[in-house]
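Structure at a glance
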Amino acid sequence: VQLQASGGGLVQSGGSLRLTCTASGLTFGGSVMGWFRQAPGKAREFVSAINLNDGETSYDASVRGRFTISRDNAKTTVYLQMNSLKPDDTAVYYCAVRDRNTVGVLTGTSRYNYWGQGTLVTVSS
């Protein structure tokens, strides 16, 4: 399984960005794809995830209402639309996949078995 993430960049506070993660080689249609982020000096944290089979989603409280995760019809690409960005959103964003048939959505980093390279999001004040 390979993951390719893109879409990061520099944006002013209040602006928007859309991150894209494309997966190849997935084995299970019921996989879960998620976004995590890691700010300098901080642990990697959950942002959002989606079940590729039924579209169930989950968001961290810090982004709920501002970020939207979605998937394409082929269920191998997920998007993270980030609106009303804040300086606290500045981090390297990683996409990850749990390539197992999964019920629901998972938030723990240890539950994901493949990770993409990060994409840097910088929000200026």
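Scroll up to find the structure this text is about.
This section reports on the structure supplied with the text. Just so you know, these numbers come straight off a predicted model, no measurement behind them. (Residues numbered from 1 in each chain as written. Predicted model: local features only at pLDDT ≥ 70, side-chain atom pairs only at ≥ 80, totals over all residues. Heavy atoms only, no water.)

Turning to the pattern of salt bridges, a few remarks are in order. Inspection of every chain in the model, using the stated rule, returns three salt bridges. Of the charged contacts, one joins glutamate 45 and arginine 37 as a salt bridge, the two residues approaching to 2.7 Å between their closest N and O atoms. Aspartate 89 is paired through a salt bridge with arginine 37; the nearest N and O atoms lie 2.9 Å apart. Of the two residues, aspartate 89 is situated in the loop between strand S8 (77-82) and strand S9 (91-98) and arginine 37 in strand S4 (residues 32-38); the sequence distance between them amounts to 52 residues. (Salt bridge = Lys/Arg side-chain N within 4 Å of Asp/Glu carboxyl O. Helix = DSSP H or I, 4+ residues; strand = E, 2+ residues; numbered from the N terminus.)

Here we have four strands laid out as an open sheet, ordered S1-S3-S8-S7, and antiparallel in their pairing. A strand with exactly one partner marks an edge of an open sheet, and here the two such strands are strand S1 (2-6) and strand S7 (67-71). Across the sheet, the mean angle separating the axes of adjacent strands is 15° when strand polarity is ignored. Of the pairings in the sheet, the one linking S7 to S8 comprises five bridges and is antiparallel in character. Bridging from a neighbouring strand, arginine 71 pairs with valine 78 of S8. (Pairing = 2+ DSSP bridges. Axes fitted to C-alpha atoms, helices over the stretch in contact; angles between N-to-C directions.)

One can find serine 48 in strand S5 (residues 45-51). A relative accessible area of 0% means that serine 48 is categorised as buried. Looking at serine 48, its side chain comes within polar contact range of the main-chain oxygen of serine 58, at 3.0 Å. Other than its neighbours up to four places away in sequence, serine 48 contacts Gly34, Trp35, Ser58, Tyr59, Ile69 and Leu80. (Buried < 20%, exposed > 50% of the residue type's maximum accessible area, 1.4 Å probe, protein only. Polar contact = N/O pair within 3.5 Å; in protein donor to acceptor, adjacent residues only side chain to side chain. Contact = heavy atoms within 4.5 Å.)

Ranked by size, the top nonpolar core spans 27 residues in total, and within it Met33, Trp35, Phe67, Leu80, Met82 and Tyr93 carry the most contacts. The set of elements that each furnish at least two residues to this core consists of S1, strand S3 (17-24), S4, S5, S7, S8, S9 and strand S11 (119-124). The contacts of methionine 82, once residues within four sequence positions are left out, are Gly15, Ser16, Leu17, Leu19, Arg66, Phe67, Tyr93 and Val121. Counting residues in hydrophobic clusters, the runner-up holds eight residues, among them Val32, Phe46, Ala96 and Tyr112. (Core = buried A, V, L, I, M, F, W, Y, C linked by side-chain atoms within 4.5 Å.)

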